[in-house]
Structure formats: C-alpha cells, structure tokens
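# Observations on the model geometry
Letter by letter, the chains look like this.
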Amino acid sequence: LGDVYKRQYYGSRVLLLRIYGFLAAVVATYIVAVIGYSQINLLNLVDMGIAVDFAMRVQTLQHDLVGMLDLFLPIVIVALLLAFLTGALIIRRVPHLRTVGYVLAGTMAIYAVIVSLGLMMGTNPIAVTRSAGGLLSQVAAGAVGGLVFALVTAKGSAANSVIDTQADAAKASG
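All of these numbers come straight from a predicted model, not from anything done at the bench.

## Some points on the overall build of the protein chain
- Within the protein chain, the regular secondary structure consists of five helices and zero strands.
- Reading the protein chain from its N terminus to its C terminus gives the helix and strand order α-α-α-α-α.
- Sequence-distant contacts, at least 24 apart, represent 76% of the contacts inside the protein chain between residues at least 6 apart.
- Accessible area of the protein chain: about 10,600 Å², with a carbon and sulfur share of 70%.

This is the structure in structure tokens:
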C-alpha cells in the first residue's frame, strides 16, 4: 500500500513539474521570439537610415511584448503543446536524447507555425521570418523553450524512471 501512495505522490509531483515546465517554456519562447521580432524590425529601420536609440528599443520591446499577447502567445501555446506531446512519444523510445528531443520539438513547433501560416495566407505574416536571420531568431526561440522544458522537467523525469524501475523490480521479485 505504501508503494501505491508513493507512486501517486510522485505522479502528482511529476505532473505539476511538467505543467510548470510547460508554462516556463511558453514564457521563454514568447519573450525570446518577441525580442527577436522587435529588434530585427528596428534593425531594418536603422538600415533605412532612421535613428533608433536605446530608449526606443526598450519602448518598442515593451509595446510588442504586450501587443502580441492576444495573437502570438496562443499560437505559441498550441504549437509547443503539440510539439512536446509528440516529442514525449518519441523520447520514450530514446530517453538518453531527452534534452535534444525537446529542443528539436520546440524548434520544429515554431518552424511549423511559420510554414503553416505562410501556406495558409500565401505570404508570411511574420515579417521578420522572411529573412534567414529573422527565421533563425524565431526558431531559436522555440529551441530555447524546448531547452527550458527539458531542464525544468528533468528532475521529474528522473524520479519517474526510478519509480518505474522500482515497480518493475517489485513485479519481478513478487
């Protein structure tokens, strides 16, 4: 009976850790993506000869962080949720590649959004992704989110594997 309670406790703890990890990954992805978006747009203005000082960079970043909440943040949430769930299925078969798997899942989540939006709309609505540097900035944001998720949930993954190993050993001996 003690093993059942221990398994439930660790199961609840792991679930909470995954939720926390997912939320942290979403926030990290969103912030890094918006920073890339804002700063590349401002760089384009500088290339056109418009002076952009540090205060304008900060003000633009603040505006974009708030202004993109209602449109871009839900897209990031759905993309990462689908990517991490799919990634988890694959990572179960190759657990030693867990961190790389989630980094790739985050990267591909944002890349899939960019490609899908481009196909649906006939042009890429995220202007900065029309250049290689802009595209790289956005998929790098997904990679950061994947890394954050892998790091935050690593302890729960290790605890889960210990519990599973103990359960397997108990079944084999009893």
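## With respect to the environment of tyrosine 102
- Checked against the element boundaries, tyrosine 102 lands in helix H4 (residues 98–121).
- By relative accessible area, which is 8% here, tyrosine 102 ends up buried.
- Expressed as a C-alpha distance, the spacing of tyrosine 102 and glycine 146, which sit 44 residues apart in the sequence, is 4.7 Å.

## A few points about the packing of helix H3 (residues 72–91) against H4
- Close contact between H3 and H4 brings their axes to 8 Å; oriented N to C, the two are set at 140°. The pairing of H3 with H4 is recorded here as oblique in orientation. Crossing of H3 over H4 shows right-handed handedness. The segment H3 lies against H4, with Ile75, Val76, Ala79, Leu80, Ala83, Phe84, Ala88 and Ile91 engaging Arg98, Gly101, Tyr102, Ala105, Gly106, Ala109, Ile110 and Val113.
- Class assignment of the residues belonging to the contact of H3 with H4 gives a composition of 13 nonpolar, two polar and one charged.

## Some thoughts on the layout of surface pockets
- By volume, the second largest pocket is sized at about 280 Å³.
- Ala83, Gly87, Leu104, Ala105 and Met108 are, among the 19 residues lining the second largest pocket, the residues nearest its centre.
- Going through the elements one at a time, H3 and H4 are the ones with two or more residues in the lining of the second largest pocket.
- For the lining of the second largest pocket, the element with the highest residue contribution is H3, accounting for nine residues.

## Topic: the environment of valine 78
- With respect to the helices, strands and loops of the structure, valine 78 is situated in helix H3.
- The exposure class assigned to valine 78 is partly exposed, which follows from its relative accessible area of 48%.
- C-alpha of valine 78 to C-alpha of valine 113: the two residues are 35 residues apart in sequence and 9.7 Å apart in space.

## Looking at H3
- Here H3 spans 27 Å end to end across 20 residues, near enough to the 28 Å set by a 1.5 Å rise per residue.
- Within H3 the residues assigned to the buried category are Phe72, Val76, Ala79, Leu80, Ala83, Phe84, Gly87 and Ile91. What you see down the axis of H3 is that its buried residues fit within an arc of 125°, all on one side. Opposite its buried face, H3 presents the exposed residues Leu82, Leu85 and Leu89, each directed more than 90 degrees away.

## Some thoughts on the nonpolar core
- Phe72, Leu80 and Phe84 are the most contacted members of the largest nonpolar core, which has 27 residues in total.
- Broken down by secondary-structure element, the contributors of at least two residues to this core are helix H1 (2–47), H3, H4 and helix H5 (132–173).
- Beyond its immediate chain neighbours, meaning those up to four positions away, phenylalanine 84 contacts Phe22, Ala25, Tyr102, Ala105, Gly106, Gly145, Gly146 and Phe149.

## What about the side chain of asparagine 124?
- Its location among the elements puts asparagine 124 in the loop between H4 and H5.
- Assessed through its relative accessible area of 13%, asparagine 124 is described here as buried.
- Among the polar contacts made by the side chain of asparagine 124, one reaches the side chain of threonine 129 at a distance of 2.6 Å.
- When near neighbours in sequence (up to four residues on either side) are disregarded, asparagine 124 contacts Ile114, Gly118, Thr129 and Arg130.

## Focus: a nonpolar patch on the surface
- A cluster of nonpolar side chains, namely Leu15, Leu16, Ile19 and Leu23, defines an oily patch on the protein surface of about 400 Å² accessible area.
- Residue placement: leucine 23 occurs in helix H1.

Conventions we followed
- Residues numbered from 1 in each chain as written.
- Predicted model: local features only at pLDDT ≥ 70, side-chain atom pairs only at ≥ 80, totals over all residues.
- Heavy atoms only, no water.
- Helix = DSSP H or I, 4+ residues; strand = E, 2+ residues; numbered from the N terminus.
- Contact = heavy atoms within 4.5 Å.
- Areas by Shrake-Rupley, 256 points an atom, 1.4 Å probe, with all protein chains shown as cover.
- Buried < 20%, exposed > 50% of the residue type's maximum accessible area, 1.4 Å probe, protein only.
- Axes fitted to C-alpha atoms, helices over the stretch in contact; angles between N-to-C directions.
- Parallel < 35°, antiparallel > 145°, perpendicular 65-115°, else oblique.
- Left-handed = near helix turned anticlockwise from the far one by under 90°.
- Nonpolar A, V, L, I, M, F, W, Y, C, P; charged D, E, K, R; others polar.
- 1 Å grid on protein atoms, 1.4 Å probe; cavity = no way out; pocket = protein on both sides within 12 Å on 5 of 7 lines; lining within 4 Å.
- Points joined across faces, edges and corners; volume = space filled by probe spheres on them.
- Expected span 1.5 Å × (residues − 1).
- Arc of directions from axis to C-beta.
- Core = buried A, V, L, I, M, F, W, Y, C linked by side-chain atoms within 4.5 Å.
- Polar contact = N/O pair within 3.5 Å; in protein donor to acceptor, adjacent residues only side chain to side chain.
- Patch = residues over 30% accessible without salt bridge, like charges linked within 9 Å, V, L, I, M, F, W, Y side chains within 5 Å.
- Salt bridge = Lys/Arg side-chain N within 4 Å of Asp/Glu carboxyl O.

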